[in-house]
Amino acid sequence: MTHTLPAIAPGRLPALLAAMPKAELHIHIEGSLEPEMVFALARRNGVALPWASVQELRRAYAFTDLQSFLDLYYQGAAVLRTEEDFYDLALAYLARAAMDNVVHAEIFFDPQTHTARGVAMDTVVRGLARACMDARQRHGIGATLILSFLRHLSEREAFETLEQALPLREHFIGVGLDSSELGHPPEKFERVFRRCRELGLHLVAHAGEEGPPAYIWQALDLLHAERIDHGVQAVHDAALVRRLASERIPLTVCPLSNQKLQVFPDLRQHNLKALLDAGLAATANSDDPAYFGGYLNENLRQVFDATGMGARHAWQLAHHSFEASFAPAADKARWNELLLDAFERHAASR
Ligand code: HPA
Ligand code: ZN
């Protein structure tokens, strides 16, 4: 299929990256909470904040590792209280993603960070799900939800969260695993994921962001994850890279996240190009765009600039994003057509 790609002049690549249709498969909705919305929701809900201004909060976004980010991310999420808050948050993200020509988003949410503050599961899920429905009408973007377990909490708490969410089963398509990776290997959640698998939920897991290749093996072999979120540490294990390539296991890579959390402090060192060139089904995503300095197109712009990727890589990233999604085959076929259309519109002869 790739050999039919029309030639793209280097000067047209930035416009093509922005214009091409794409799916976003690694976005934490709480990570799309912009500082302005933190302050607006704090005012609306009468929540006191430890920062004097939007500027002061933004200045605090200087991270040394994953944990330094998570500490702030959970603090920010504390302003979310009502169904309307979750609705507004998700609709704002989807409107912004549609501007980047994202046609489909599979959105993580972290219910435990909200239920721990006394917010009902129902409030969280209904607000998010209603935004997903309305976004299709208003912005022409499709969206589904993935419930993510916090791995720094216990197996028992994950099971309790699953039980609370099951009455809302129709509103989410799968489960994921996020939060502090080191010291919380996937094996801790083997039984929870087995139960989710029996329930017919899709399974994904963060692995190999900061953690070792062994965590990626566990996510595949013990959790039966269908996609690996991040997975960039796989390159340290040649046998793992061969497995990921031969089984076409998607990696949802997040360039600006990796830079801001010092996984690759210099984006020129990022291995997205190497992963693609090794035949892996890597995708590009924004992770927590409000915290890491950019939505999906900004991630693409910066990582292409820094690593010298070309039009074929652009096509691969968008094509992989469709193939790796949990959307129906007919949608994938339509998006692949739109992708080719975008390449033809930006072809050298035009
Ligand atoms: N890693 C782990 N947990 C997270 C992340 C991440 O990049 N973003 C939000 N929760
Ligand atoms: Zn993430």
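Residue numbers run consecutively from 1 along every chain, following the written order of its sequence. Labels are handed out in written order, letters beginning with A for the chains and numbers beginning with 1 for the ligands. Residues qualify for local features only when their pLDDT is at least 70, as the model is predicted, and side-chain atom pairs are given and counted only at 80 or more; totals for whole chains, interfaces and linings, by contrast, use all residues. Hydrogens and water molecules were not included; the side-chain quantities draw on all heavy atoms of the structure.

By secondary structure assignment, the location of Ala 347 is in the segment after helix H17 (329–345). Residue contacts are counted whenever heavy atoms from the two residues lie within 4.5 Å of one another. For Ala 347, the residues in contact, after removing those within four places along its chain, are Pro 6, Ala 7, Ile 8 and Arg 12. Think of it this way: any DSSP run of H or I at least four residues long counts as a helix, any run of E at least two long counts as a strand, and we number them from the N terminus.

This part is about unusual backbone geometry. The residue Asn 101 is not glycine, and still its phi comes out positive at about 60°. By secondary structure assignment, the location of Asn 101 is in the loop between helix H5 (83–99) and strand S2 (102–109). Three labels apply to residues, based on accessible area from a 1.4 Å probe with only protein chains included: buried if under 20% of the type maximum, exposed if over 50%, partly exposed otherwise in between. According to the relative accessible area criterion, Asn 101 is partly exposed, its value standing at 31%.

Because water is not among the atoms used, a metal site may look incomplete, as its donors are only the N, O and S atoms within 2.8 Å, or 3.2 Å for Na, K and Ca. Coordination of the zinc ion (ligand 2) by the protein is provided by His 26 (NE2), His 28 (NE2), His 206 (NE2) and Asp 287 (OD), with metal-donor distances spanning 2.0 to 2.3 Å. What the 4 donor atoms of the zinc ion (ligand 2) show is an angle range of 81 to 172° at the metal, which sorts the shape as irregular. Between the donor residues of the zinc ion (ligand 2), the gaps in sequence give the motif H-x1-H-x177-H-x80-D. A residue pair is termed long-range when its members are at least 10 positions apart, and His 28 in strand S1 (residues 22–28) and His 206 in strand S5 (residues 202–207) qualify at 178 residues. In terms of burial, His 28 and His 206 fall into one category: buried. In short, tetrahedral needs four donors with all angles between 85 and 135 degrees, square planar needs four and octahedral six donors with opposite donors over 155 degrees apart and all other angles between 65 and 115, and whatever is left is irregular.

A probe matching the size of a water molecule, rolled over the atoms, marks out where space remains unfilled. In this analysis a 1.4 Å probe is tested at points of a 1 Å grid over the protein atoms alone, and where it fits but cannot get out there is a cavity; an open set with protein on both sides within 12 Å along at least five of seven lines is a pocket; lining residues have an atom within 4 Å of a point. Grid points are joined across faces, edges and corners, and a volume is the space filled by probe spheres set on the points. Approximately 200 Å³ is the volume found for the largest pocket. Lining the largest pocket we find 17 residues, and of these His 104, Arg 136, Gly 142, Asp 331 and Trp 335 sit closest to its centre. Secondary structure elements with two or more residues in the lining of the largest pocket: S2, strand S3 (142–150) and H17. The leading source of residues in the lining of the largest pocket is H17, at 4 residues. Tallied by class, residues from the lining of the largest pocket come to 9 nonpolar, 4 polar and 4 charged. Taken as a whole, the second largest pocket spans an internal volume of roughly 160 Å³. As for the second largest pocket, its lining consists of Ala 129, Cys 132, Met 133, Arg 136, Ala 143, Thr 144, Leu 145, Glu 170 and His 171. Those elements that place two or more of their residues in the lining of the second largest pocket are helix H7 (121–139) and S3. With 4 residues, H7 is the largest single contributor of residues to the lining of the second largest pocket. Residues are sorted three ways: Asp, Glu, Lys and Arg are charged, Ala, Val, Leu, Ile, Met, Phe, Trp, Tyr, Cys and Pro are nonpolar, and all the rest, Gly among them, are polar. Classifying every residue of the lining of the second largest pocket by side-chain character gives 5 nonpolar, 2 polar and 2 charged.

The strands making up a sheet associate through backbone hydrogen bonding, with each pair oriented either parallel or antiparallel. DSSP-based pairing: two strands are paired if at least 2 bridges between them are found. As summarised here, the arrangement of the 8 strands in space is S1-S2-S3-S4-S5-S6-S7-S8, forming an open sheet in which the pairing is parallel. Of all strands in the sheet, those with a lone pairing partner are S1 and strand S8 (282–284), marking the two edges. Within this sheet the neighbouring strands show an average axis-to-axis angle of 25°, counted without direction. Where S3 lies against strand S4 (residues 174–178), 5 bridges are found, and the strand directions are parallel. Its bridge partner being in S4, Ser 148 is matched across the sheet by Gly 176. Orientation is described by axes fitted as lines to C-alpha atoms, over the contacting stretch for helices, and by angles from 0 to 180 degrees between their N-to-C directions.

For each residue, the test is whether any non-hydrogen atom lies within 4 Å of the molecule or strand; if one does, the residue is near. Around ligand 1 sit His 28, Leu 66, Phe 69, Leu 70, Tyr 73, Asp 178, Ser 179, His 206, Glu 209, His 230, Asp 287 and Asp 288, and that is every residue in its neighbourhood. Definition of a polar contact: a pair of N or O atoms within 3.5 Å, with one able to donate and the other able to accept a hydrogen when the atoms are protein atoms, and with sequence-neighbouring residues admitted only if both atoms are side-chain atoms. Within the side chain of Asp 288, a nitrogen or oxygen atom sits 2.7 Å from a nitrogen atom of ligand 1. What decides whether a molecule sits in a cavity or pocket is whether more than half of its atoms lie within 2 Å of the grid points. Judged by the fraction of its atoms near the pocket grid, ligand 1 is located in the largest cavity. Here the shell around ligand 1 is built from residues that sort into 4 nonpolar, 4 polar and 4 charged.

Two aromatic rings from Phe, Tyr or Trp, using only the six-membered ring of Trp, form a pair when their centres are within 6.5 Å; if the ring planes differ by under 30 degrees the pair is stacked, by over 60 it is edge-to-face, and anything between is tilted. Here the structure, examined in full by the defined rule, presents 11 aromatic pairs. With a centroid separation of 5.5 Å and an interplanar angle of 80°, the aromatic rings of Phe 63 and Phe 69 are classed as edge-to-face. Phe 69 shares its class with Phe 63; the two are buried. Between the aromatic rings of Phe 69 and Tyr 291, the centroid separation amounts to 5.4 Å while the plane-to-plane angle is 75°, which identifies the pairing as edge-to-face. Pair noted here: Phe 69 is in helix H4 (residues 66–77) and Tyr 291 is in helix H14 (residues 289–292), with a separation of 222 residues, a long-range link.

Let us now look at empty space enclosed by the protein. Taken as a whole and judged by the stated rule, the model has 2 cavities of 30 Å³ or more. Volume-wise, the largest cavity comes out at about 100 Å³. Lining the largest cavity are 15 residues, and of these His 28, Leu 66, Phe 69, Leu 70 and His 206 lie nearest its centre. Broken down by secondary-structure element, the contributors of at least two residues to the lining of the largest cavity are S1 and H4. Top contributing element to the lining of the largest cavity by residue count: H4, with 5 residues. Taken together, the residues that form the lining of the largest cavity break down as 5 nonpolar, 5 polar and 5 charged. Taken as a whole, the second largest cavity spans an internal volume of roughly 60 Å³. Taken together, Met 20, Lys 22, Ala 23, Ala 284, Leu 296, Leu 300, Leu 317, Ala 318 and Ser 321 make up the lining of the second largest cavity.

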